[in-house]
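# Coordinate inspection notes
Each chain, letter by letter, is given below.
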Amino acid sequence: MTGGARGSWDRGPRLGAAYYNEYLPDPSRLETDLQLMVDAGITCIRVGESVWSTWEPRDGEFDLEWLAPVLDGAAEHGIDVILGTPTYAVPPWLSRRHPELAVVRKDGSSVPWGARQEIDYTSEVFRGYAERVIRAVLGRYGRHPAVIGIQLDNEAGLHLIHNAHVVERFRRGVAEQYGDVETLNREWGLTYWSHRISAWDELWAPSGNTTPAYDLAWRRFQAELTADFIGWQAGIAREYIADDTVLTTCIAYQRPAMDDVAVGAHLDIASGNAYYLAQDSLDYAREGAGGQWYADDVPQLILSAERMRATKQAPFLVTETGAASIGGAWLTRPPYDGQLAQVAWLLAARGARLVSYWHWHTLHSGAEVHWGGILGHDLRPGRVYDEIAELGRQFAAASEWVADAEPDADIGIVYAHDSEWMMTFEPPLPGPGDAPDRGSYARIVGAFGRAAIDAGLQVGYVNERQLKDAVELVSRFPTLIVAGLFAASDRTLEILAEYARLGGRLIVGPRTGYADDQGRMRVSTAPAVLGPLAGVAYREFAAPPQPVPLERDGAVVGEGRGWIDALEPGEAEVLLGYRHPLYGRWAAVTRRAVGEGEITVVGTLPDRDSAARVIADVSGPPRSLALLGDRPRGVTVHSLIGPRGRVWVVHNWSPNLTEIELASSVASVVDEAVLEKGSVVGLAAWDVRVWREV
């Protein structure tokens, strides 16, 4: 009996861990490890993705049998396995034999071997070696009874690849797209600075580029290379696996060459990293810096789960999340009691079918020896293991209620890679000192996402590429935020306009609709398409270095930060303005009824409390009011709806005891507790409760 239906992830949630028996000082402890996993409720392990030089120690010489005891032992213990292709960490013999395969950076230097992902994976030479090892590994284990999934590569898209043949391939693609150089000159505006070309070989290398339209095309091309690489591996893998074995890859969403929706099209189920700083970073009162590969506050953690679900608009796997600590020694912040359960239940509440820890045992050598696993360096179960074992018990007890359940969403947020890339190229927001903030897009979208969460709303992401039909959009999201959508096609903006006409409550944030989908600044008055409907326009904008006071009815009620679209209200109602000698003539927030719906335009990044008030006023009461009539600050409520009814997941992201009063009767799904309507429940520090409706 395995931990779940073979290859099926529509039931859960489940616990997992990356398991590297080959890294252990004493690999003979395999049986001990597997039994400890069973005792902790861990039903899935991830293996094999990082050790090409173990699979193929010398060119063409394969050693495939070392993994057999792990897979056989997993099958005997009822533990499922996700087997990784090892192509992201190349062996030294390959690097030495083909130094020309090293990734060339923008500045012309080569990425030296000694870490991982140093190789140009677009090269046909590299792919020849990669295909050989993939076929060897999957030919041996692709249909092993323990293997229910294949992970294709790992965290792809780390580098923008500037190798000469890649740049030439980009030129050919541009030529095919535009047909002739005069069309390109016109569409990209190459008259500026004498950039007009007369032949395709005059199209300069991206390393010296200063043209926004060129950069957008380059970033799209790089993301296509990543998706093509994963798709290429998927085609090989399907030859060696059973029909019910799933294909996935571990997505690091911050990678510069990653379009997760494009990659997701090649996968059966999306999976990715959900790293976070523990301890006081999980105090809801904290507002983190953002922009890192990990979340450093609670809203960022919630939004990272939403990104994973949005990749395929479906349940997902968390391939990696922290157990004892993450990163280097300077980031060592072992979780407070209760925080592991908090995070795991949050991920499950937003659609995770697997929560898998990186990793089972803390490494004794290599680059990540301070990245704490479930077991420490002494390989003995301790506090972290015990908490995860309790979590395994809870997951098992709750499975009949959470299985097949889908997360609720009160509000949607549009996310767009094109706008992210354009704001990386020319950031609108200032950073420290006079430096630009190249994480401006994530900062803008994150500010609106945090405001929605602060308003008690459950959030769902939708990628711009997934905006197909306004009717479907209204049915999913009664309220929709589109902030920072700088580069947008007319079609996208028209879908958003139709969404409002059909009854949707649309919130338009700064910079939306200013450029078109080719990266050119529009001739029309901003915001394009949506402005006339919203009864507002702007012709000026600013990046104020200091916050600007926001006012309503003559009283200061908050502040705007980072950016101002100088909104000129026509037929729109002004909700907030500025107290400032220049900006005071313009509106900060406006609203206008449109058809059956309405459009609210927010021209700045309001402070946290002001932003939450704006979002709450637009969206109306959250679904959580059915459970808690009054939600204390620091308490979040998420819900899932399945065949057996609705399940509520309630968190106290606080070091203090917090009391809540129930607006309806509930029963725990992890024990026998039943709580009547009106009950006052004490939530301990870092507490999480999982209840079902009764």
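Report follows, based on the coordinates.

Reading guide: rules and limits
- Residues numbered from 1 in each chain as written.
- Predicted model: local features only at pLDDT ≥ 70, side-chain atom pairs only at ≥ 80, totals over all residues.
- Heavy atoms only, no water.
- Helix = DSSP H or I, 4+ residues; strand = E, 2+ residues; numbered from the N terminus.
- Rg over C-alpha atoms; globule rule 2.2 N^0.38 Å.
- Buried < 20%, exposed > 50% of the residue type's maximum accessible area, 1.4 Å probe, protein only.
- Lys, Arg positive; Asp, Glu negative; His and termini not counted.
- Charge placed at Lys NZ, Arg CZ, Asp CG, Glu CD.
- Phe/Tyr/Trp six-rings, centres within 6.5 Å; stacked < 30°, edge-to-face > 60°.
- Lys NZ or Arg CZ within 6 Å of the ring centre and 35° of its normal.
- Contact = heavy atoms within 4.5 Å.
- Pairing = 2+ DSSP bridges.
- Core = buried A, V, L, I, M, F, W, Y, C linked by side-chain atoms within 4.5 Å.
- Axes fitted to C-alpha atoms, helices over the stretch in contact; angles between N-to-C directions.
- Parallel < 35°, antiparallel > 145°, perpendicular 65-115°, else oblique.
- Left-handed = near helix turned anticlockwise from the far one by under 90°.
- Nonpolar A, V, L, I, M, F, W, Y, C, P; charged D, E, K, R; others polar.

A word on the overall build of the protein chain. Within the protein chain one finds 18 helices and 28 strands. Computed over its C-alpha atoms, the radius of gyration of the protein chain comes to 26 Å, within 12% of the 26 Å expected for a compact globule of 694 residues. Based on the C-alpha atoms only, the size of the protein chain along its principal axes is roughly 75 × 75 × 45 Å. Looking at the protein chain residue by residue over its 694 residues, the buried ones come to 61%. Across the protein chain, 64 positive and 92 negative side-chain charges occur, with their mean positions spaced 2 Å apart.

With that settled, the discussion passes to the packing of aromatic side chains. Here the structure, examined in full by the defined rule, presents 33 aromatic pairs. For the pair Tyr-20 and Tyr-23, a centre-to-centre distance of 4.9 Å together with 40 degrees between the ring planes defines the contact as tilted. Ring centres of Tyr-178 and Trp-188 lie 5.9 Å apart, and the angle between their planes is 80 degrees; this geometry places the pair in the edge-to-face category. Of this pair, Tyr-178 sits in helix 6 (residues 164–178) while Trp-188 sits in helix 7 (residues 181–188), and the two are 10 residues apart along the sequence. Trp-188 carries the same exposure label as Tyr-178, and that label is buried. Residue placement shows Arg-127 over the ring face of Trp-232; its charged tip is 5.0 Å from the ring centre. Sitting over the ring of Trp-586, Arg-585 keeps its end group 5.7 Å from the ring centre.

The next subject is the environment of Gly-629. Mapping Gly-629 onto the fold places it in the loop between helix 18 (608–619) and strand 22 (635–642). A relative accessible area of 52% means that Gly-629 is categorised as exposed. Separated by 32 residues in the primary sequence, Gly-629 and Glu-661 have C-alpha atoms spaced 7.4 Å apart. Residues contacting Gly-629, with those up to four places away along its chain left out, are Glu-661 and Ala-663.

A separate point is the sheet that holds strand 3 (residues 80–84). In a beta sheet, neighbouring strands are held together by backbone hydrogen bonds and run either parallel or antiparallel to one another. Taking strand neighbours across the sheet as the criterion, the 9 strands line up as 5-4-3-2-1-9-8-7-6 in an open arrangement whose pairing is parallel. Taken across any chain shown, the strands that pair with only one partner, and hence form the sheet edges, are strand 5 (246–248) and strand 6 (250–251). Sheet analysis places strand 6 next to strand 7 (residues 270–273), joined by 2 bridges and oriented parallel. Pairing of Ile-251 across the sheet is with Gly-272, part of strand 7.

Core analysis: the largest hydrophobic core is formed by 210 residues, its most contacted members being Trp-188 and Trp-345. Ranked by residue count, the leading element in this core is helix 8 (residues 212–237), at 15 residues. One finds Leu-627, Ile-660, Leu-683 and Trp-691 within the second-largest nonpolar core, a separate group that totals 12 residues.

In this section: the sheet that holds strand 28 (residues 687–693). Strand order in this open sheet of 6 strands is 10-22-23-28-25-26, and the pairing throughout is antiparallel. Lying at the two open borders of the sheet, with one neighbouring strand each, are strand 10 (406–407) and strand 26 (674–675). Summarising the sheet, strand 10 and strand 22 pair through 2 bridges and their orientation is antiparallel. By the bridge assignment for strand 22, Glu-406 is matched with Ile-641. Most of the contacts of helix 11 (residues 339–349) go to strand 23 (residues 645–652), to which it runs at about 145 degrees, and overall it touches strand 10, strand 22, strand 23 and strand 28.

Moving on, we get to helix 11. Summarising burial for helix 11: 11 of the 11 residues are buried, a large majority. Taken together, the buried positions of helix 11 are Gln-339, Leu-340, Ala-341, Gln-342, Val-343, Ala-344, Trp-345, Leu-346, Leu-347, Ala-348 and Ala-349. Positive backbone phi, approximately 115 degrees, marks Gly-351, located one or two places after helix 11.

Of all 5 residues making up strand 3, 5 are buried, and the element is well covered by its neighbours. Neither face of strand 3 is exposed, since Asp-80, Ile-82 and Gly-84 on one face and Val-81 and Leu-83 on the opposite face are all buried. Bridge count between strand 2 (residues 42–47) and strand 3: 4 bridges; the pairing is parallel. Its bridge partner lying in strand 3, Val-47 is registered against Leu-83. Across 4 bridges, strand 3 lies against strand 4 (residues 147–151) in parallel orientation. Pairing of Leu-83 across the sheet is with Ile-150, part of strand 4.

It is the contact of helix 8 with helix 13 (residues 417–425), at a shortest axis distance of 10 Å, that shows an interaxial angle of 125 degrees. Comparing the axis directions of helix 8 and helix 13 gives the class oblique. When the axes of helix 8 and helix 13 are compared, the crossing they make is right-handed. Counted together, Pro-212, Asp-215, Leu-216, Arg-219, Arg-220 and Ala-223 of helix 8 and Asp-418, Trp-421, Met-422, Thr-424 and Phe-425 of helix 13 form the full contact between these two elements. Partitioning the contact of helix 8 with helix 13 into residue classes produces 6 nonpolar, 1 polar and 4 charged.

So far we have only geometry, and geometry alone does not tell us how the molecule works.
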